[in-house]
Amino acid sequence: MMDAKLVWHTWRKILRDEMLQQRVFDPTWSGANDTSLSPAEQDVIAAYADSRDRAKWFIENYQFRLVNSFINALETGAPLTLRALLNSGFEMAELSHRFLRQHHWHDYGPRVYQYGSEALDWLIEKQHLLGLSAALVDLIWLEKTTVTLYLSLQNRPGLVTAGRAEYQQSGMARLYRSRYQLTNWLRDKKSLGLHEPAIGEENLLVVLPDYSSRHKYLRVPDRCAALFNAPSLANVQPEHQDELHLARLLACNALVSGEAR
């Protein structure tokens, strides 16, 4: 009789280790010659190898689900990046396989935004190897900012302590300063990945109107961005349009006033 806990852990190792999978699939494999496994683990693998067709079916289904989850994670947290990759001719299943192999076929389960966050990190890390354009990487960083916002709100935290004495960031917004004029892509999503936007910095505010709404992107001028990052204005004299910028930030839920708290 095998130990159930050992069988479970060995099966999990098989699912995430393609070398172990080959041992299950290889009819010539002999545990006696494999010193990388304990005798008990060898027995478990040998037992699965006795039904290798069924084991292979389960492994392939596990991998099929994770490959599709990669695409679903991008579709949920970074739909613009997904569309740009597709328009650029990338084969998503191949990208997914490469990501999952590097991450040892980790199962993220329902944590779709965490999956999306790590997928975006991987795309940024591999940008040169994959041949991603600088503009596309800029877009990935924008959506990485968005996913980070969602992750920060998982437990609905309180206000972010920042801002002038009479204002604070609401915690429902993030600011990204792009290197390209990404608003051209945001306005015309059909052109994502097909026509490069011009070089030019923009302040893009990612905002959530409330917990049940999807995020929005707002392009704001430098002074408005500076007011959002208010701590840097501690010693700066007010300007005549500040009230308009502050009203806009309050209206989109990026800031809250002291009176509202």
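It should be noted that the structure appears before, not after, this text.
1. With respect to the overall build of the protein
If you tally the helices and strands in the protein, you get twelve helices and five strands. Its C-alpha radius of gyration of 24 Å places the protein more than 25% over the 18 Å reference for a compact globule of 261 residues. The principal-axis extents of the C-alpha atoms in the protein amount to approximately 80 × 40 × 30 Å. The long-range share in the protein, meaning contacts at least 24 apart out of those at least 6 apart in sequence, stands at 64%. For the protein, the exposed surface amounts to about 14,300 Å²; the carbon and sulfur share of it is 52%.

2. Some details on the nonpolar core
Residues Leu-74, Leu-123 and Leu-139 are the most contacted members of the largest nonpolar core, which totals 57 residues. Setting aside residues no more than four positions away along its own chain, Leu-123 makes contact with Thr-81, Leu-85, Leu-95, Leu-130, Leu-132 and Ile-140.

3. A short note on unusual backbone geometry
With the exception of glycine, most residues fall at negative phi, and the peptide bonds are largely trans. Even without a glycine there, the phi angle at His-104 is positive, about 55°. Here His-104 lies in the loop between helix 6 (92-102) and helix 7 (112-125). Backbone geometry at Trp-105 places phi at a positive 50°, although glycine is not the residue there. Among the structural elements, Trp-105 can be located in the loop between helix 6 and helix 7.

4. Points about the sheet that holds strand 3 (residues 199-207)
Spatially, the three strands line up as an open sheet ordered 2-3-4, and their pairing is antiparallel. Of all strands in the sheet, those bounded by a partner on one side alone are strand 2 (173-180) and strand 4 (216-220). Mean inter-strand twist for the sheet, computed between neighbouring axes without regard to direction, equals 30°. As judged from the five bridges shared by strand 3 and strand 4, these two strands associate in the antiparallel manner. For Asn-203, the partnering residue across the bridge sits in strand 4 and is Val-220. Across the sheet, helix 9 (residues 134-152) touches strand 2, strand 3 and strand 4, and the angle it forms with strand 2 is around 175°.

Parameters at a glance
- Residues numbered from 1 in each chain as written.
- Predicted model: local features only at pLDDT ≥ 70, side-chain atom pairs only at ≥ 80, totals over all residues.
- Heavy atoms only, no water.
- Helix = DSSP H or I, 4+ residues; strand = E, 2+ residues; numbered from the N terminus.
- Rg over C-alpha atoms; globule rule 2.2 N^0.38 Å.
- Contact = heavy atoms within 4.5 Å.
- Areas by Shrake-Rupley, 256 points an atom, 1.4 Å probe, with all protein chains shown as cover.
- Core = buried A, V, L, I, M, F, W, Y, C linked by side-chain atoms within 4.5 Å.
- Buried < 20%, exposed > 50% of the residue type's maximum accessible area, 1.4 Å probe, protein only.
- Pairing = 2+ DSSP bridges.
- Axes fitted to C-alpha atoms, helices over the stretch in contact; angles between N-to-C directions.

All we've got here are geometric facts, nothing functional implied.
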